[in-house]
Number of protein chains: 2
Amino acid sequence: MISQLREVFALHGYGEIETRVVEPIARLSGDSDASKEIYTLGRLTAGGDSDAKLGLHFDLTVPFARYVEERQGQLQFPFKRFQIQKVWRGERPQEGRFREFYQADIDVVGRDTLPEHLEAEVAIVMARALAALPIPAVRMHVNNRALVEGFYEGVGVTDVAGALRSVDKLDKIGADGVRAELTSKGVSERAADAVLELAKITAPDASFAVAVEDLWETTVLVDDAELVEASQLKLARGIASLSALVTAVNDATANADGTTHPGVAVADLRIARGLDYYTGSVFETFLTGHEDLGSICSGGRYDSLVAGGGFPGVGMSIGVSRLVSRILGGGLASASRAVPSAVLVAVTDEEARAASAGIADRLRARGIACEVSPNAAKFGKQIQYADRRGIPFVWFPGAVGDDASAATGDGEVKDIRSGEQTPADADVWAPSAEDLKPRIVPG
Amino acid sequence: MISQLREVFALHGYGEIETRVVEPIARLSGDSDASKEIYTLGRLTAGGDSDAKLGLHFDLTVPFARYVEERQGQLQFPFKRFQIQKVWRGERPQEGRFREFYQADIDVVGRDTLPEHLEAEVAIVMARALAALPIPAVRMHVNNRALVEGFYEGVGVTDVAGALRSVDKLDKIGADGVRAELTSKGVSERAADAVLELAKITAPDASFAVAVEDLWETTVLVDDAELVEASQLKLARGIASLSALVTAVNDATANADGTTHPGVAVADLRIARGLDYYTGSVFETFLTGHEDLGSICSGGRYDSLVAGGGFPGVGMSIGVSRLVSRILGGGLASASRAVPSAVLVAVTDEEARAASAGIADRLRARGIACEVSPNAAKFGKQIQYADRRGIPFVWFPGAVGDDASAATGDGEVKDIRSGEQTPADADVWAPSAEDLKPRIVPG
């Protein structure tokens, strides 16, 4: 799965980087919410104590920010990178939640400016990467921070970030719970209702815009004309951005006829993403039929990757381990075999081992993975060796039985699934493309 | 480089596994020498303290042993695996020594028995993996524990393991230093001389055997006939094993005519490897012209991977980071470009971005990595964008200039190194194999 992701990311011009796993705690613990999950390093000789100066990274954004900050003089912007590494979090393990797990991130980061169309690009690359995996179809739910902020300000919400954090809990605590939280934070009943109404709007295309504009017309609550105008401008900017993004992503991900698969993007105005960090598009992605897993690929547009500002970007992150856990645990896919070998070259007797090794090397020279039998047992035993490992072919060197056609040349190759056995030349014969390498197969 | 290693290992039937980075300290700290380098884990919320139950693995052998122990019921033996992961050691960093670094290991592990020819197989696979890397030729120095033990016992050394640890320091403390250490451990002067004479024997083929036998004839020192016979048997077994291995490895790694490259294996009777763990072949590998780097790939045959016994195996490990550090630091090789893209598809104006994206997608469908210009700047600027990233081709969609031949179709593609520009079809055109992907280039 990681190779598949690598391939799609690279085809779109994203370069792979890898950063060290160990970072200074001071850099890791900036976000107070994350800091409680950080693993620190100590030394056994010091009795496990430490001055807690180093820790394991808990995501790939913090180390990427350091990477960009340190290399800003050498990097070419906009800089497109992908990064697939393990991260560590000291949370309570549960189904689909691990303490050591893989994330796969892509980001595009600009210097001072970043064109908005790159938000759609990142979403398209991620949609295609997910489509390359052995998983059900995904739906990418998108919202826009400018849109939400403009609307919230227009209905009189002053603490927009606080309101967003409450709306982010819709799934957990329901509309009534969110309303209660909002009003406890000083949001008026009418404004809370408006915020909840906005969160109901969703559409698989740009038609969401009409619903937002209608709601805006009926619910603007502040009577400060200047604030209304500013809010409306922000709202309009957000609507335009979200419309363009949903259209671009669906154009790029729909089937050719657009009917069987309308594209993966859905404008969904309840998507909040708790972090203040985001300033434009925000994304959450759900697996059809496995929505209980939560978002498998999230992210958004931010004003600066680096604390000092000046590095706007957009990024998304796949929770690879959680996805793999569901795929394997749910029996959605498995590997066609456990070993790379397509062929086991049998050994007639130990004196002839070199001949078998020679055949194996000629197959390898043409990219066919194979191994030589570790012993010269009866052929039935050697076939069993292949069968137990899922190796589909066994090669018998030299003459086999009394068949005159096999008396010369490299011998015969047997497909141990069908039992079919034919004379073959080690410089010519090849397995089918399906059998060449282990594959991911459904179910 | 890691992809190259993966490819060679898989072609030889070795399957990739990955184990968790964090292991229980109790499992990691078995070897008292390693335990002082172990990093332990703690939690920030606990003030960096911890009960030191978990730590980071410091090699790939300890976690592989756990893997085999836990899965012995499911695995098929002999089990061939490779594993390329980072490991952590709290040593003092210096040139070529890191605290977080990559190792690449292969091992074959049997259940109860393991044919001796697999020792040669592992050495051959490693020699081929190293030959696939952008590094100078290597010499693989091989010794055999049975040979050394038989000889040492025959000259009256009782603490063979202690003597081996002293001989292992030959490079550091010289022959006089080793002699002093040996005699201080109770080895007689004459026995110490014999041990040092044995360490001088080296040959690029099986001819070492004569020298060993000659030395044996003149220096057997014990006068216990039974012990002499047992020692001689062990010695003979070791000589036979080492001869077979050196011959097999050189046959498999020599050039076709055997003259320009005689094969990578050298019988070298000074190779000691400090660990008691090894019982048969032991390997150390040196980079021609960079012997100061020390061994870049070491390993050997062992009686059991698992503490309880019953899992004999043979394995070797490449110090990948140390090698990469020398390659880059020494200017031995570099990447042909920093980004995966072979092509930058230019954008004529923002309204035509979709047309450029369409061309890019048709190239990607044929495996050609490309990106679309982030802006519709003057073509000169877009060429500069490609040039700064090392992208060799820029694609200009639609008609370019007044050239009638370019007025229809997909436009023109320019090789920005030669300046050559030709009309091209996005379903047909392809870069040369050399330009398709970033490559490792010498110098």
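Above this text is the structure in question.
Residues numbered from 1 in each chain as written. Chains lettered and ligands numbered in written order. Predicted model: local features only at pLDDT ≥ 70, side-chain atom pairs only at ≥ 80, totals over all residues. Heavy atoms only, no water.

Peer 1: I tried to follow the sheet that holds strand β14 (residues 343-345) of chain B on my own but got confused; where do I start?
Peer 2: What links the strands of a sheet is backbone hydrogen bonding, and the strands pair in either a parallel or an antiparallel sense. All names here are of chain B. Strand order in the open sheet formed by five strands is β15-β14-β16-β17-β18, and the pairing between neighbours is mixed. A strand with exactly one partner marks an edge of an open sheet, and here the two such strands are β15 (370-372) and β18 (421-423). When strand polarity is set aside, the average angle formed by the axes of neighbouring strands in this sheet is 25°. With three bridges connecting them, strand β17 (residues 412-415) and β18 associate as antiparallel partners. Bridging across to β18, Val-413 finds its partner in Thr-422. Along the sheet face, helix α13 (residues 353-365) touches β14, β15 and β16 (393-396) and points at about 175° away from the line of β15. (Pairing = 2+ DSSP bridges. Helix = DSSP H or I, 4+ residues; strand = E, 2+ residues; numbered from the N terminus. Axes fitted to C-alpha atoms, helices over the stretch in contact; angles between N-to-C directions. Contact = heavy atoms within 4.5 Å.)

Peer 1: Is there a simple way to explain the pairing of strand β6 (residues 100-109) of chain A in this structure?
Peer 2: Taken residue by residue, a regular strand's side chains alternate between the two faces of the sheet. All names here are of chain A. Counting buried positions along β6 yields ten of ten residues, so the element is predominantly enclosed. Burial along β6 is two-sided: the residues Glu-100, Tyr-102, Ala-104, Ile-106 and Val-108 and Phe-101, Gln-103, Asp-105, Asp-107 and Val-109 are all buried. Relative to strand β12 (residues 313-319), β6 runs antiparallel, the two being bridged by seven bridges. Counted as the bridge partner of Gln-103 is Gly-319 from β12. (Buried < 20%, exposed > 50% of the residue type's maximum accessible area, 1.4 Å probe, protein only.)

Peer 1: Can you help me understand the sheet that holds strand β18 (residues 421-423) of chain A in this one?
Peer 2: All names here are of chain A. Across the sheet, five strands lie side by side as β15-β14-β16-β17-β18; this open sheet has mixed pairing. In this open sheet, the two strands that pair with only one neighbour each are β15 (370-372) and β18. Sheet twist, expressed as the average angle between the axes of neighbouring strands with direction ignored, equals 25°. Taken together, the four bridges between strand β16 (residues 393-396) and strand β17 (residues 412-415) define a ladder with antiparallel strand orientation. In the strand pairing of β17, Trp-395 is matched with Val-413. On top of the sheet, helix α13 (residues 353-364) reaches β14 (343-345), β15 and β16; it is set at about 175° to β15, its chief contact. Strand contacts of helix α14 (residues 379-389): β14, β15, β16 and β17, with the helix running at about 150° to β16, the strand carrying the most contacts.

Peer 1: I keep staring at the pattern of salt bridges and nothing clicks. Help me out?
Peer 2: It is possible for side chains of opposite charge to pair when their charged atoms get near one another. Per the stated rule, a full pass over the model turns up 64 salt bridges over all chains. Notably, a salt bridge pairs Asp-292 of chain A with Arg-326 of chain A, separated by 2.8 Å at the nearest N-O pair. Highlighted residues: Asp-292 of chain A in the loop between β10 (278-287) and β11 (297-302) and Arg-326 of chain A in helix α12 (residues 320-329), separated in sequence by 34 residues. Classification of Asp-292 of chain A by relative accessible area gives exposed; the value is 58%. The class for Arg-326 of chain A is buried, based on a relative accessible area of 12%. For Lys-234 of chain B, the salt bridge identified is with Glu-149 of chain B, shortest N-O distance 3.3 Å. Of this pair, Lys-234 of chain B sits in helix α11 (residues 225-253) while Glu-149 of chain B sits in helix α6 (residues 145-154); the two residues are 85 residues apart in sequence, bridging distant segments of the chain. One salt-bridge network, held together by shared partners, links Arg-20, Glu-23, Arg-66 and Glu-70 of chain A. (Salt bridge = Lys/Arg side-chain N within 4 Å of Asp/Glu carboxyl O.)

Peer 1: Teacher, can you tell me more about the environment of Gly-300 of chain B here?
Peer 2: Residue and element names in this part refer to chain B. With respect to the element layout, Gly-300 can be found in strand β11 (residues 297-302). By relative accessible area, Gly-300 is classed as buried at 0%. Distance from Gly-300 to Glu-229, taken between C-alpha atoms, is 26 Å for residues 71 residues apart in sequence. For Gly-300, the residues in contact, after removing those within four places along its chain, are Tyr-278, Ser-281, Val-282, Phe-283, Gly-313, Val-314 and Gly-315.

Peer 1: Whenever I open this one, the packing of aromatic side chains confuses me. Can you help?
Peer 2: Pairs of aromatic rings are described using the distance from one ring centre to the other and the angle between the two planes. Residue and element names in this part refer to chain A. Counting across every chain of the model gives 22 aromatic pairs over all chains. Ring centres 5.0 Å apart and planes at 75° place the aromatic pair Phe-393 and Trp-429 in the edge-to-face group. Of the two residues, Phe-393 sits in strand β16 while Trp-429 sits in the loop between β18 and α15 (433-436), which places them 36 residues apart along the sequence. Each member of the pair, Phe-393 as well as Trp-429, is classed as buried. (Phe/Tyr/Trp six-rings, centres within 6.5 Å; stacked < 30°, edge-to-face > 60°.)

Peer 1: Would you explain the pairing of β10 of chain A in this entry?
Peer 2: Residue and element names in this part refer to chain A. Most of β10 is tucked away, with nine of its ten residues classed as buried. One ladder, built from seven bridges, connects strand β7 (residues 138-144) with β10; its direction is antiparallel. Paired with Met-140 across the strands is Thr-285, a residue of β10. Where β10 meets β11, three bridges bridge the pair, whose relative direction is antiparallel. When the bridges of β11 are listed, Tyr-278 appears paired with Tyr-302.

Peer 1: Teacher, can you tell me more about the interface of chain B and chain A here?
Peer 2: A common measure of how large an interface is: the accessible area buried when the components associate. Of the residues lining the interface, 59 residues belong to chain B; the matching set on chain A comes to 59 residues. Of the roughly 4600 Å² buried at the junction of chain B and chain A (both faces included), carbon and sulfur atoms supply 53%. On the chain B side of the interface with chain A, the three residues burying the most area are Leu-11, Arg-43 and Leu-44 of chain B, jointly 14% of the side's total. Residue Arg-128 of chain B pairs with Asp-361 of chain A through a salt bridge whose shortest N-O separation is 2.7 Å. At the junction of chain B and chain A, the tally comes to 30 residue pairs in polar contact (both at pLDDT 80 or more). Elements that contribute at least two residues to the side of chain B that touches chain A include exactly α1 (2-11), β3 (39-43), β5 (79-88), β6 (100-109), α5 (117-131), α13, β15 and α14 (379-389) of chain B. Within the side of chain B that touches chain A, the residues separate by chemical class into 24 nonpolar, 17 polar and 18 charged. The sheet contact formed by strand β3 (residues 39-43) of chain A and β3 of chain B spans five bridges and is antiparallel. Looking across to β3 of chain B, one finds that Leu-41 of chain A is bridged to Leu-41 of chain B. (Buried area = accessible area lost by both parts, 1.4 Å probe. Polar contact = N/O pair within 3.5 Å; in protein donor to acceptor, adjacent residues only side chain to side chain. Nonpolar A, V, L, I, M, F, W, Y, C, P; charged D, E, K, R; others polar.)

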